[in-house]
Amino acid sequence: MPSTDASRAVNPLEPLGSLPPDQAALLESIGPIWGTDINGFRDVVFNAYTPLVSATPKDGMTMHKDLAYGASARQVLDVFQPDSAHDADVVVFVHGGAFIRGAKSSNGHIYDNVCWWFARQGCVAVNVEYRLAAEAPFPGVPKTSRRRWIGSWPTLPRSAETRAGSS
């Protein structure tokens, strides 16, 4: 495992600045070697950020978990919304994983944090789980459209929509 440097001060305006200095130094050190152990280093990143994202406020917001939009056990979504949402913009978040791995919520905090953030900004956020390529070969995954995801929940506001994701 790369070494860490704890001499750095916490500064949330800098890259990695919200992390304790030793964790920020660790993440800086794995950047150049990320590709040598993607899964292992992903776990390092998740372990560093989970305490931060789990502590963010969720007051005044509601999460509706595992709402089905299809027959597969993986065809579920979570909806995060401000309690005062009315005609709010909708953000659809799709996790990465090249359609062969991944989940909408890595550990109950990572990836959910993206949707909680949008809900804090007044948007309704939808976090989508989808069938992987083994179950739904191309074009099966991309063909499961926004209409299927968002249309599966009839009380979801239908104003502006943005899509986001990771890879």
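Predicted, not measured: the structure shown is a model, and the values here were computed from it. (Residues numbered from 1 in each chain as written. Predicted model: local features only at pLDDT ≥ 70, side-chain atom pairs only at ≥ 80, totals over all residues. Heavy atoms only, no water.)

Examining the overall build of the protein chain
Worth spelling out the cut-off: For the purposes of this entry, the term helix denotes a DSSP run of H or I that reaches at least four residues, the term strand denotes a run of E that reaches at least two, and both are numbered from the N terminus. The buried label goes to any residue with under 20% of its type's maximum accessible area, the exposed label to any with over 50%, and the partly exposed label to all in between, with areas taken from a 1.4 Å probe on protein chains only. Contacts are assigned to residue pairs with any non-hydrogen atoms lying within 4.5 Å of each other. Accessibility throughout is a Shrake-Rupley quantity obtained with a 1.4 Å probe, and a residue counts as covered only by protein chains that appear here.
When helices and strands are counted, the protein chain shows 5 helices and 5 strands. Secondary structure of the protein chain in N-to-C order comes out as α-α-β-β-β-α-β-α-α-β. Within the protein chain, buried positions represent 35% of all 167 residues. Long-range pairs, those at least 24 residues apart, make up 61% of the contacts in the protein chain between residues at least 6 apart in sequence. With an accessible surface of roughly 9,200 Å², the protein chain has 56% of that area assigned to carbon and sulfur atoms.

Points about the nonpolar core
The cut-off we apply is this: Nonpolar core, defined: a set of buried Ala, Val, Leu, Ile, Met, Phe, Trp, Tyr and Cys residues in which side-chain atoms within 4.5 Å join the residues together.
Counting residues in each nonpolar core, the largest one holds 12 residues, listed as Y69, L77, V79, A88, V90, V92, V94, V124, V126, V128, Y130 and L132. When contributions to this core are tallied by element, the ones reaching two or more residues are strand 2 (76–82), strand 3 (90–94) and strand 4 (124–128).

Regarding unusual backbone geometry
Within the chain, D66 stands out as a residue other than glycine whose phi angle is a positive 55 degrees. Summarising the element assignment, D66 is placed in strand 1 (residues 61–68). Positive phi, normally seen in glycine, also occurs at Y111, with a value near 85 degrees. You can see Y111 is positioned in the loop between strand 3 and helix 3 (112–120).

Quick word on the pairing of strand 2
The following threshold applies: Strands qualify as paired when DSSP identifies two bridges or more between them.
Most of strand 2 is tucked away, with 7 of its 7 residues classed as buried. With 6 bridges connecting them, strand 1 and strand 2 associate as antiparallel partners. Each residue of the ladder has a partner; that of M61, found in strand 2, is P82. Across 4 bridges, strand 2 lies against strand 4 in antiparallel orientation. Residue pairing for strand 4: D78 is matched across the bridge by N127.

Quick notes on the confidence of the model for the protein chain
Cut-off, in case you're wondering: Per-residue confidence from the prediction method is given by pLDDT, with values spanning 0 to 100.
Overall, the prediction assigns the protein chain a mean pLDDT of 80, with 75% of residues at 70 or greater. Taken as a whole, residues 2–6 scores under 50 in pLDDT and shows 16 contacts with residues more than four places along the chain or in a different chain.

Looking at the side chain of H95
Put simply, the rule reads: For the purposes of these results, a polar contact is taken to be a pair of N or O atoms within 3.5 Å, where, inside protein, one atom must be able to donate a hydrogen and its partner to accept one; residues adjacent in sequence count only when each atom of the pair is a side-chain atom.
Residue placement: H95 occurs in the loop between strand 3 and helix 3. Among the polar contacts listed, one links the side chain of H95 to the side chain of E129, at a separation of 3.0 Å.

Some details on the packing of aromatic side chains
Threshold: Each Phe, Tyr or Trp ring, with Trp reduced to its six-membered ring, pairs with another whose centre is within 6.5 Å; inter-plane angles below 30 degrees give stacked pairs, above 60 give edge-to-face pairs, and intermediate values give tilted ones.
Under the counting rule described, the total for this entry stands at 5 aromatic pairs. Ring centres of F46 and Y111 lie 5.9 Å apart, and the angle between their planes is 90 degrees; on these two criteria the pair is classed as edge-to-face. With F46 in helix 2 (residues 38–54) and Y111 in the loop between strand 3 and helix 3, this pair connects stretches of sequence that are 65 residues apart. A relative accessible area of 12% means that F46 is categorised as buried.

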